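A look at the structure
Here are the chains, one letter per residue:
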Amino acid sequence: MSSSCRRPEHMAPPEVFYNEEEARKYSQNSRIIEIQTQMSERAVELLSLPEDQPCYLLDVGCGSGLSGDHLSEVGHYWVGVDISTAMLDVALRRDVEGDLLLADMGQGLPFRAGMFDGCVSISALQWLCNADKKTHSPPKRLHRFFSTLYSALARRAARCLFQIYPENSEQLELITAQAMKAGFTGGLVVDYPNSSKAKKFFLCLFAGVSGVLPKGLDSEVCVRGGSSQAQFTAQRSRFKHMKGKCVKKSKDWIMEKKDRRRRQGKDVRADTKYTGRHRRPHF
């Protein structure tokens, strides 16, 4: 892994880099939406959540809510945390189903003990490896984050899945060392390790009882031919209408949402869009 001066975390702190212009891309750029959604689907697959019951999950670095959308689609409840007001504003305009919280994860997570069944994070954790202020110490900020996350997780083998872009091996070692110091077990899952473009890193962590580390994907050809793994293809048809709010206000979207609410045991009247209530967090 080689460093690059063009990495976003080298340009500005996250709350500055993800300004209104940058945040707008996450609601209008179909390619960004496609990539973020694919990584979210793969992360949720690696979480190995129970299929027969909804879970209460934390989305760290939730941004515009694209990963949260997938969590909602598969029947889970979630709380999103992000440091960028511009990104959270986009999430609000998109009317995401999760609850949103403005917070710096490097300062720790303000949640009560045992609150969440698991955690997912897409392209956020590597930002803690930078010292954007003189008072910032990457090891301390990482340890603070992982310690408070560990406390906020239920101890019945809760699992966390972080999709990350480590700059080099030293940065990866720093992240994993601070996670283990906070009490987590687990390790790294690498998809397409021999591909320079498709290679993806997922840090899979366990709180409480250790679990079996899932296997990474080996080849795109193998994945396209099977149905048991997340599919990474060049198809973009499912994303071509995802700009703005047009999809979320369509009849198909409303009917799908109503059906999902009914499966979750919600009261949904036939003459309304939906009446399912959010499960509110207790901070």
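Presented here is a report on the structure given in the accompanying data block. Keep in mind that what you see is a predicted model, and the values were worked out from it rather than measured.

With a phi angle near 60 degrees, serine 123 is a residue other than glycine that sits in the positive phi range. Inspection of the secondary structure assignment puts serine 123 in the loop between β4 (118–122) and α7 (138–152). Taking the relative accessible area as the measure of exposure, serine 123 reaches 14% and is therefore buried. One non-glycine residue, tyrosine 192, lies in the positive phi region at around 50 degrees. In this structure tyrosine 192 comes out as buried when scored by relative accessible area, which is 3%.

With that settled, consider the packing of helix α3 (residues 20–28) against helix α4 (residues 30–47). Running from N to C, α3 and α4 cross one another at 75 degrees; their axes reach a closest spacing of 6 Å. Here α3 is positioned roughly perpendicular relative to α4, judged by the angle of their axes. Of the residues in α4, those in contact with Lys25, Tyr26, Ser27 and Gln28 of α3 are Ser30, Ile32, Ile33 and Gln36. When the residues that make up the contact of α3 with α4 are grouped by side-chain class, the tally is 3 nonpolar, 4 polar and 1 charged.

Bringing the packing of aromatic side chains into the picture now. The geometry of two aromatic rings is summed up by the distance between their centres and the angle between their planes. As enumerated under the stated definition, the model contains 11 aromatic pairs in all. Taking 5.7 Å as the distance between ring centres and 55 degrees as the angle between the ring planes, the aromatic pair formed by tyrosine 18 and tryptophan 127 counts as tilted. Highlighted residues: tyrosine 18 in the loop between α2 (14–17) and α3 and tryptophan 127 in the loop between β4 and α7, separated in sequence by 109 residues. Accessibility assignment for this pair places tyrosine 18 and tryptophan 127 in one class, buried. Aromatic side chains phenylalanine 145 and phenylalanine 162 sit 6.0 Å apart centroid to centroid with 80 degrees between the ring planes, which places their arrangement in the edge-to-face category. Of this pair, phenylalanine 145 sits in helix α7 while phenylalanine 162 sits in strand β5 (residues 158–164); the two residues are 17 residues apart in sequence, bridging distant segments of the chain. For phenylalanine 145, a relative accessible area of 0% translates into the label buried.

So, on to the nonpolar core. Grouped together as the largest cluster of nonpolar side chains are 38 residues, with contacts concentrated most on Phe146 and Phe162. Listing elements by their share of this core, those giving two or more residues are β1 (56–60), β2 (77–82), α7, β5, α8 (169–181) and β7 (200–207). Sort the elements by how many residues they give to this core and α7 lands first, with 6 residues. With residues up to four places along the chain from it excluded, the contact list for phenylalanine 162 reads Cys119, Ser121, Leu125, Phe145, Phe146, Leu149, Phe201, Phe202, Leu203 and Leu205. Core analysis: the second largest hydrophobic core is formed by 19 residues, Leu49, Ala91, Val120 and Cys204 among them.

Conventions and cut-offs
- Residues numbered from 1 in each chain as written.
- Predicted model: local features only at pLDDT ≥ 70, side-chain atom pairs only at ≥ 80, totals over all residues.
- Heavy atoms only, no water.
- Helix = DSSP H or I, 4+ residues; strand = E, 2+ residues; numbered from the N terminus.
- Buried < 20%, exposed > 50% of the residue type's maximum accessible area, 1.4 Å probe, protein only.
- Axes fitted to C-alpha atoms, helices over the stretch in contact; angles between N-to-C directions.
- Parallel < 35°, antiparallel > 145°, perpendicular 65-115°, else oblique.
- Contact = heavy atoms within 4.5 Å.
- Nonpolar A, V, L, I, M, F, W, Y, C, P; charged D, E, K, R; others polar.
- Phe/Tyr/Trp six-rings, centres within 6.5 Å; stacked < 30°, edge-to-face > 60°.
- Core = buried A, V, L, I, M, F, W, Y, C linked by side-chain atoms within 4.5 Å.

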